[in-house]
Amino acid sequence: MANYESPWMNEDLRMYRKALREFIHEEFVPRQAKWREHHRPSAEDWKQAGATGLLLPDVPEEYGGGGGNFAHQAVVTEELAQAGVNFGCGVQSIVSHYILHYGNEEQKKKWLPAMAQGELVGAIAMTEPSAGSDLQAIKTSARREGNEYVISGSKTFITNGGLANLICVAAKTDPKVAPFRGISMIVVETRNLKGYRVGKSLEKIGMHEIDTCELFFDDVRVPAGNLLGKSEGAGFAQMMDQLRYERLMIGVGAIATIERALAITIKYAKERKAFGQTLLEFQNARFKLAQCKTEAQIGRVFVDNCILRMIDGKLDPHVEDIRPFDEAAEALAAVETGHARGKVVIQVS
Ligand SMILES: Cc1cc2nc3c(=O)[nH]c(=O)nc-3n(C[C@H](O)[C@H](O)[C@H](O)COP(=O)(O)OP(=O)(O)OC[C@H]3O[C@@H](n4cnc5c(N)ncnc54)[C@H](O)[C@@H]3O)c2cc1C
């Protein structure tokens, strides 16, 4: 599959990819050391990303977005990963989708255009010191007082936490009912907000360019109109629904990173000489790299299949319903190998 191209690619996306690639390499790659040092990009970097069309590519134009679909988001994620740049615009897109899908017209018009311009930086705050995978166990509460919610609790591992000024917070609005019915998503605008505090950026083993922080909410008051959804208690279902968007984006970034690692390794193995020949001329190195490339290609085909499903609105949140070998994958295999379900020869070159 030497000349494989994702089946969702088209001319419009190729042009978008080219423009993004130039921007990322000219502007963001040289700033990586600075971002690492500061543990975050600057507010100006966010605005520049917005002006270049890197933010909210799959949000309709009427709300300031790029008007594309998930393929545009995949191109952004791939180009950043291919360039080795960590920038929290994926989380920006995740937050925008909560607003797009569950927000009312007023909320969408108020927040989305500013997010697309990078004037508002988004974060999603689900995880707490004692609740990660088990989201129903969150303790952060939001009690209604008149026309406001009063939010109390703390969150951890929050991407973009340091710069974020628009945070989508998962909080318990009704502690008396079953957790999956008592959680709501509430948007918190943090500028000059009393009782809101950001901890320092957490040290991680990678992605040092991104601010991953603890957030503290000490009786923070926000308008009741910041609730996402028609009524309280829809938050858990909203999170389960949106996690497929988030998970697929992580998958897209992961496969692009694998492809980059493989390309770097093959280049090195072609150049580096030992015992009178290049590393690539050693048979064992060729075996190992062929295996890596095969696994990367399998991952790519699966992720591309998920992207096609996402674009068609058919990607189900349940794992058992994601069938890797459906008509699209089979047709693709037929094109690439000459016959469906045939032997696939992957060449390291
Ligand atoms: C770089 C980074 C960025 C992040 N950004 C955000 C963010 O922006 N917003 C946010 O809300 N959160 C964020 N998170 C938090 C992330 O969502 C959590 O780390 C994740 O949900 C797992 O929670 P946990 O770390 O508490 O692990 P735990 O849930 O405590 O899990 C610990 C271990 O137990 C295993 N485990 C858990 N449940 C089961 C089970 N049912 N069966 C078998 N094994 C199980 C897990 O696989 C894991 O190995 C981020 C994390 C990282 C590392």
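Residues numbered from 1 in each chain as written. Predicted model: local features only at pLDDT ≥ 70, side-chain atom pairs only at ≥ 80, totals over all residues. Heavy atoms only, no water.

### Here's the deal with unusual backbone geometry
Phi is positive for phenylalanine 157, which is not a glycine, with a value near 60°. By the element assignment, phenylalanine 157 lies in strand E3 (residues 148-159). On the basis of relative accessible area, phenylalanine 157 is assigned to the exposed category, the value being 57%. Backbone geometry places asparagine 192, a non-glycine residue, at a positive phi of 55°. Considering the arrangement of structural elements, one finds asparagine 192 in the loop between strand E5 (183-189) and strand E6 (196-201). (Helix = DSSP H or I, 4+ residues; strand = E, 2+ residues; numbered from the N terminus. Buried < 20%, exposed > 50% of the residue type's maximum accessible area, 1.4 Å probe, protein only.)

### Structural notes on helix H1 (residues 11-28)
With 18 residues, H1 should cover 26 Å at 1.5 Å per step; its first-to-last C-alpha distance of 25 Å lies within 8% of that length. Of all the residues in H1, the buried ones are Leu13, Tyr16, Arg17, Leu20, Phe23, Ile24 and Phe28. Taken end-on, H1 shows its buried residues confined to a sector of 135°, consistent with a single buried face. Those residues of H1 that are exposed and angled more than 90 degrees off the buried face are Met15, Lys18 and Glu26. Packed against the buried residues of H1 are helix H2 (32-38), helix H3 (43-52) and helix H4 (70-83). (Expected span 1.5 Å × (residues − 1). Arc of directions from axis to C-beta. Contact = heavy atoms within 4.5 Å.)

### What about the nonpolar core?
Ile24, Leu54, Phe87, Tyr98, Ile124, Met239 and Leu248 are the most contacted members of the largest nonpolar core, which has 65 residues in total. Ignoring sequence-local partners within four residues, the contact set of methionine 239 consists of Tyr98, Met126, Leu135, Ala170, Ile183 and Met185. With 21 residues, the next largest nonpolar core counts Tyr149, Ala171, Ile186 and Cys213 among its residues. (Core = buried A, V, L, I, M, F, W, Y, C linked by side-chain atoms within 4.5 Å.)

### Concerning the pairing of strand E7 (residues 212-223)
Here E3 pairs with E7 via nine bridges, running antiparallel. Among the inter-strand pairings, glycine 153 is bridged to a residue of E7, identified as phenylalanine 217. Bridge count for E6 against E7 is four bridges, and the pairing is antiparallel. Along E7, the bridge assignment pairs valine 198 with leucine 215. (Pairing = 2+ DSSP bridges.)

### A look at the confidence of the model for the chain
Residues of the chain with pLDDT of at least 70 account for 91%, and the chain-wide mean is 91. The model gives residues 319-349 a pLDDT under 50, and that stretch makes 43 contacts with residues more than four places away or in other chains. (pLDDT = per-residue confidence, 0-100.)

### Let's talk about the site of the ligand
Around the ligand, the surrounding shell consists of Ile124, Ala125, Met126, Thr127, Gly132, Ser133, Phe157, Ile158, Thr159, Lys204 and Met207. One of the backbone nitrogen or oxygen atoms of methionine 126 is found 2.9 Å away from an oxygen atom of the ligand. Threonine 127 is positioned with one of its side-chain polar atoms (N or O) 2.6 Å from a nitrogen atom of the ligand. About the coverage of the ligand: the protein hides 40% of its 970 Å² of free accessible area. Of all the cavities here, the one that holds the ligand is the largest pocket. Put simply, the parts of the chain that give the shell around the ligand at least two residues each are strand E1 (122-125) and E3. The element best represented in the shell around the ligand is E3, accounting for three residues. A class-by-class count of the residues in the shell around the ligand yields six nonpolar, four polar and one charged. (Near = heavy atom within 4 Å. Polar contact = N/O pair within 3.5 Å; in protein donor to acceptor, adjacent residues only side chain to side chain. Areas by Shrake-Rupley, 256 points an atom, 1.4 Å probe, with all protein chains shown as cover. 1 Å grid on protein atoms, 1.4 Å probe; cavity = no way out; pocket = protein on both sides within 12 Å on 5 of 7 lines; lining within 4 Å. Sits in = over half its atoms within 2 Å of the grid points. Nonpolar A, V, L, I, M, F, W, Y, C, P; charged D, E, K, R; others polar.)

### A look at the packing of aromatic side chains
One pass over the structure, following the stated rule, counts eight aromatic pairs. Their ring planes at 55° and their centres at 5.1 Å tell us that phenylalanine 28 and phenylalanine 87 sit as a pair that is tilted. Of this pair, phenylalanine 28 sits in helix H1 while phenylalanine 87 sits in the loop between H4 and helix H5 (89-102), placing them 59 residues apart in sequence. The exposure classification of phenylalanine 28 matches that of phenylalanine 87, with both residues buried. Pairwise contacts between aromatic rings join Phe23, Phe28, Trp35, Trp46 and Phe87 into one cluster. The side chain of arginine 197 reaches across the aromatic face of phenylalanine 216, ending 4.3 Å from its centre. (Phe/Tyr/Trp six-rings, centres within 6.5 Å; stacked < 30°, edge-to-face > 60°. Lys NZ or Arg CZ within 6 Å of the ring centre and 35° of its normal.)

### What about the layout of surface pockets?
Empty space within the largest pocket amounts to approximately 980 Å³. Lining of the largest pocket is provided by 33 residues; of these, Val91, Thr159, Met207, Ile210 and Ile250 occupy positions nearest its centre. Sort the elements by how many residues they give to the lining of the largest pocket and helix H8 (residues 235-271) lands first, with seven residues. Of the residues in the lining of the largest pocket, the class split is 18 nonpolar, 12 polar and three charged. Within this model, the second largest pocket holds a volume of roughly 660 Å³. Lining the second largest pocket are 21 residues, with Tyr4, Gln82, Glu259, Gln297 and Arg300 sitting closest to its centre. Mapped onto the lining of the second largest pocket, the elements with two or more residues apiece are H1, H4, H8 and helix H9 (283-311). Here the lining of the second largest pocket takes six residues from H8, the largest share from any one element. Here the lining of the second largest pocket is composed, by residue class, of nine nonpolar, three polar and nine charged. (Points joined across faces, edges and corners; volume = space filled by probe spheres on them.)

### Quick word on the packing of H5 against helix H6 (residues 105-116)
Remark: H5 packs on H6, axes separated minimally by 10 Å, with the N-to-C direction vectors making an angle of 160°. Relative to H6, the element H5 is oriented roughly antiparallel. Handedness of the crossing formed by H5 with H6: left-handed. Together, Gln92, Val95, Ser96, Ile99, Leu100 and Tyr102 of H5 and Gln107, Lys108, Trp111, Leu112 and Met115 of H6 make up the contact between the two elements. A breakdown of the residues in the contact of H5 with H6 according to their chemical character gives seven nonpolar, three polar and one charged. (Axes fitted to C-alpha atoms, helices over the stretch in contact; angles between N-to-C directions. Parallel < 35°, antiparallel > 145°, perpendicular 65-115°, else oblique. Left-handed = near helix turned anticlockwise from the far one by under 90°.)

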